[in-house]
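The residues making up each chain are set out below.
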Amino acid sequence: MAYDKFNILTSSAVPLPIENVDTDQIIPARFLKATERKGFGDNLFRDWRYNSDDTTKENFVLNNPIYSGKILVGGKNFGSGSSREHAAWAVYDYGFRCVVSSFFADIFRNNCLNIGVLPVQVSPEFLDKIFKAIEANPKSELVVNLPEQTITISETGEQERFAINDYKKGNLQNGFDDIDYLLNIKKDIETFAANTPL
Amino acid sequence: MSKTLFDKVWDSHVVQSIQNGPDVLFIDRHLVHEVTSPVAFLGLKNRGIQVLYPERTFATADHNTPTINQHLPVKDELSANQLKALEENSKAHNIPYWGLGHEKNGIVHVIGPENGITVPGATIVCGDSHTSTHGAFGAIAFGIGTSEVEMVLSTQCIMQPKPKSMRININGELNKAVTPKDVALFIISKLTTSGATGYFVEYAGDVFRNMSMEGRMTVCNLSIEMGARGGMIAPDEKTMEYIKGREFAPKGADWDKAMDYWNTLYTDHKAEFDKELHFNASDIEPMITYGTNPGMGMGIQNDIPTAEAVEGGAATYKKSLAYMEFNEGDPMIGKPIDFVFLGSCTNGRIEDFRAFASIIKGRRKADNVTAWLVPGSHRVEEAIKEEGILDILHSAGFELREPGCSACLAMNDDKIPAGKYAVSTSNRNFEGRQGPGARTLLASPLVAAAAAVTGKVTDPRELLELQDA
Ligand code: SF4
């Protein structure tokens, strides 16, 4: 599925300073019944956002109009748990293009990269600085520069580099996905398969 | 050069290595279920392509299926829709589909091994994180997202950087009533849920060598709960014994050839791991979790740790205990419970039902407990009947449901109500995992059985001692 190209993103951010946010919180299993990729943003953090009678929970950050933006800043070990890509879809469909944390679960990170959400892993100290900046001013902007692989807190100029492999970086910058690449080397794959018994 | 078991299998499946990028990894066998596949099939349709190797692809219905009255049409419209989509997609792409009622139907990670689809040295993927189960056979097996499901359907490959390697050694003898589930929950409690992130784990030592194949599956299944990509155990005679004669396993001359290959699948003496850990078997007690991630577990006789005593954020820890309505310092023993769930790809195999039956035999289900006993597959269900376990369950006041994932992820009607406590043999105790507001205590089938007959958290050793006396 095609997604928008990613280069430099300047945006305010939504803070979620909770550790071990698992994919069952990002999108509960009962919302995985679709056969199309539609409407997942509405159910992002469903049970933290809404009461069981569908009224909104005032104190949850997504329901607080002070906070907005295309960047979600989470606590350590973000995205643990299930392999459901729906979690990444929900993040994307809600409008986030980048998730910042000091640590990501593997599959979630992969899923994000595959659908055009950039996971930016920063040091615990830098993560703290971001949370502090947002606390002081909810409209604080972050600049996520993919070509340079840096993230900057606009107000203070504090900056950190982040890692991403060249291949995935290229994909995000060009809006390509892996299947485009794999279909191009189909001959090699077929030769390999012929030599690999079931 | 010396290689680890993992290196041997991974390296032999690399079609191409991209500089400063991932490896293109060939996938031998791909397991598909109804929930994470429809959007992937839609992707193929949009690109106008067919599944490249349907003979390497197997489809079952499990996540979303009811566990009673499976012979009737599925009532939930959305679930029925997903099942229909998988059936149609399988047909359109010539993939064998083992839907509801099919003799081979069951939880995807239970039926893979049962049918000989899971073999040593293979690469196996599925859009479910507990695909790590298949590592018990010395396969590289891991969960993938839907984009990757689409990749494998269309090209039989995925693109991933090679993970780091970790070996977890446990030597010595296990204590009484300590099951493979306890071994896994013990490891996760030591490593936390992110302790193995970025790693692929090999389990080694006496404990795993002496473990049955089903026990090994339980351990490998839970690898993902410490953040690992997957876990594996070197194949041995037990592995070959288990596989031999199963439907999709190699036969005749192919079997001999396969055996020759499988016998090379071990970690070389001098091979090095990025990380190596050692534990003593005798330190492991029957385990139970008290919080909202699988790392929040402890020996069943212990008290819930205080926030100061645990690593990580105190606020997150307190939030978790508040959800559970437990206090720091509380003992778990004696806590009243409402539900018991025996099942899932972690503990839904025949040995788990045998263990459960060993405790409830001659006892009665506690009146305050609702018990959902859900076999992992039709084959398991058959064995429960053939071995007389069904009679034991019935005389103790229990009923058996039909196979599926059930309350493991509560996508069907098997939801634990808000605020209720469930002792569950499944793999995740996240907030709301077993239903909105549900509170999950992860434990072994023995602990689940002890809770089912006493109505509260109970050390299974007490009941076993009564039996021995
Ligand atoms: S039983 Fe649970 S973990 Fe296993 S395949 Fe089903 S949903 Fe996934």
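As recorded in an unreviewed UniProt entry, chain B goes by the name 3-isopropylmalate dehydratase large subunit, listed as coming from Flagellimonas spongiicola. Quoted verbatim from the Subunit (unreviewed entry) field of UniProt, the annotation for chain B is "Heterodimer of LeuC and LeuD."

In the annotation of an unreviewed UniProt entry, the entry for chain A reads 3-isopropylmalate dehydratase, and the organism field reads Flagellimonas spongiicola. The record in UniProt for chain A states the following under Pathway (unreviewed entry): "Amino-acid biosynthesis; L-leucine biosynthesis; L-leucine from 3-methyl-2-oxobutanoate: step 2/4." UniProt lists a comment for chain A under the heading Catalytic activity (unreviewed entry), and it reads "(2R,3S)-3-isopropylmalate = (2S)-2-isopropylmalate".

### A closer look at the overall build of chain A
The number of helices and strands found in chain A is eight helices and seven strands. Relative to the compact-globule value of 16 Å for 198 residues, chain A shows a C-alpha radius of gyration of 18 Å, a close match. For chain A, with 198 residues in total, the buried portion stands at 59%. With an accessible surface of roughly 8100 Å², chain A has 48% of that area assigned to carbon and sulfur atoms. When the 21 basic and 27 acidic side-chain charges of chain A are each reduced to a single mean position, those positions are 3 Å apart.

### Considering the environment of Arg216(B)
Residue and element names in this part refer to chain B. As for its position among the elements, arginine 216 is in helix α8 (residues 213–221). The spatial distance from the C-alpha of arginine 216 to the C-alpha of glycine 231 is 10.0 Å, given a sequence separation of 15 residues. If we ignore the near neighbours within four places in the chain, the residues touching arginine 216 are Ala136, Phe208, Arg209, Met211, Ile233, Ala234, Asp236, Lys238 and Thr239. Side-chain polar atoms of arginine 216 contact the backbone oxygen of phenylalanine 208, separated by 3.1 Å.

### Structural notes on the pattern of salt bridges
The tally for this structure, following the rule as stated, stands at 31 salt bridges over all chains. For Asp11(B), the salt bridge identified is with Lys162(B), shortest N-O distance 3.0 Å. Linking Asp11(B) in helix α1 (residues 5–11) with Lys162(B) in the loop between β8 (157–160) and β9 (164–171), this pair joins segments that are 151 residues apart in sequence. A relative accessible area of 31% means that Asp11(B) is categorised as partly exposed. One salt bridge in this structure joins Asp28(B) and Arg56(B), with 3.7 Å as the shortest N-O distance. Taken together, the residues Asp28(B) in the loop between β2 (23–26) and β3 (29–32) and Arg56(B) in the loop between α2 (38–47) and β4 (57–60) connect sequence positions 28 residues apart. Each member of the pair, Asp28(B) as well as Arg56(B), carries the same accessibility label: buried. Among the ionic contacts, a cluster of salt bridges with common partners joins Asp177(A), Asp180(A), Arg47(B) and Glu150(B).

### Details of the packing of aromatic side chains
Under the defined criterion, the tally for this structure stands at 21 aromatic pairs over all chains. On the numbers, 4.6 Å between centres and 25° between planes, the contact of Phe6(B) with Phe200(B) is stacked. Here Phe6(B), found in helix α1, pairs with Phe200(B), found in strand β10 (residues 199–204); they are 194 residues apart in sequence, far enough to count as distant. Across the pair, exposure class does not vary: Phe6(B) and Phe200(B) are buried alike. Ring geometry for Phe58(B) versus Trp98(B): centroids 6.1 Å apart, planes at 50°, classification tilted. Here Phe58(B) is found in strand β4, whereas its partner Trp98(B) is found in strand β5 (residues 97–98), with 40 residues between them in sequence. Taken together, Phe45(A), Trp48(A) and Phe60(A) form an aromatic cluster joined through their ring pairs. Above the ring of Tyr92(A), the side-chain terminus of Arg37(A) is found at 5.4 Å from the ring centroid.

Definitions and cut-offs
Residues numbered from 1 in each chain as written. Chains lettered and ligands numbered in written order. Predicted model: local features only at pLDDT ≥ 70, side-chain atom pairs only at ≥ 80, totals over all residues. Heavy atoms only, no water. UniProt positions renumbered as here; feature names shortened; annotations may be inferred. Helix = DSSP H or I, 4+ residues; strand = E, 2+ residues; numbered from the N terminus. Rg over C-alpha atoms; globule rule 2.2 N^0.38 Å. Buried < 20%, exposed > 50% of the residue type's maximum accessible area, 1.4 Å probe, protein only. Areas by Shrake-Rupley, 256 points an atom, 1.4 Å probe, with all protein chains shown as cover. Lys, Arg positive; Asp, Glu negative; His and termini not counted. Charge placed at Lys NZ, Arg CZ, Asp CG, Glu CD. Contact = heavy atoms within 4.5 Å. Polar contact = N/O pair within 3.5 Å; in protein donor to acceptor, adjacent residues only side chain to side chain. Salt bridge = Lys/Arg side-chain N within 4 Å of Asp/Glu carboxyl O. Phe/Tyr/Trp six-rings, centres within 6.5 Å; stacked < 30°, edge-to-face > 60°. Lys NZ or Arg CZ within 6 Å of the ring centre and 35° of its normal.

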